[in-house]
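Chain by chain, the residues run as shown.
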Amino acid sequence: MQEEHIKITTEFIKLDSLLKFANVTATGGEAKAVIQDGEVLVNGQVCTMRGKKIRAGDRVELGGEIALIVE
């Protein structure tokens, strides 16, 4: 599994925005689709809320292939 560390300078970033920011998805529509399809795990739990607030220390996984660690 490929891991990337993503540094944010705000208190949080929304899940769909994080996927776009990290270039995991090309568009917001693509981010919405993978989230709603249950392909995204936040801290080991399936998350279908695209507006979920991701904070430093959270781990986001997509399809078992990419893990984003937010700093």
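Described in the following lines is the structure provided in the data block. (Residues numbered from 1 in each chain as written. Predicted model: local features only at pLDDT ≥ 70, side-chain atom pairs only at ≥ 80, totals over all residues. Heavy atoms only, no water.)

Strand order across the open sheet formed by five strands is E1-E7-E6-E3-E4, with mixed pairing between neighbours. One side of each edge strand has no neighbouring strand; the edge strands of this open sheet are strand E1 (2–6) and strand E4 (45–46). Here strand E6 (residues 59–62) runs beside strand E7 (residues 66–70); their pairing, made up of four bridges, is antiparallel. Across the sheet, Arg59 pairs through a bridge with Ile69, a residue of E7. (Pairing = 2+ DSSP bridges. Helix = DSSP H or I, 4+ residues; strand = E, 2+ residues; numbered from the N terminus.)

Looking now at the environment of Gly38. Along the chain, Gly38 turns up in the loop between helix H2 (28–36) and strand E3 (40–42). Overall, the relative accessible area of 27% leaves Gly38 in the partly exposed class. Taking C-alpha positions, Gly38 is 19 Å from Ile69, a pair spaced 31 residues apart along the chain. Excluding anything up to four places from it in sequence, Gly38 contacts Val46 and Thr48. (Buried < 20%, exposed > 50% of the residue type's maximum accessible area, 1.4 Å probe, protein only. Contact = heavy atoms within 4.5 Å.)

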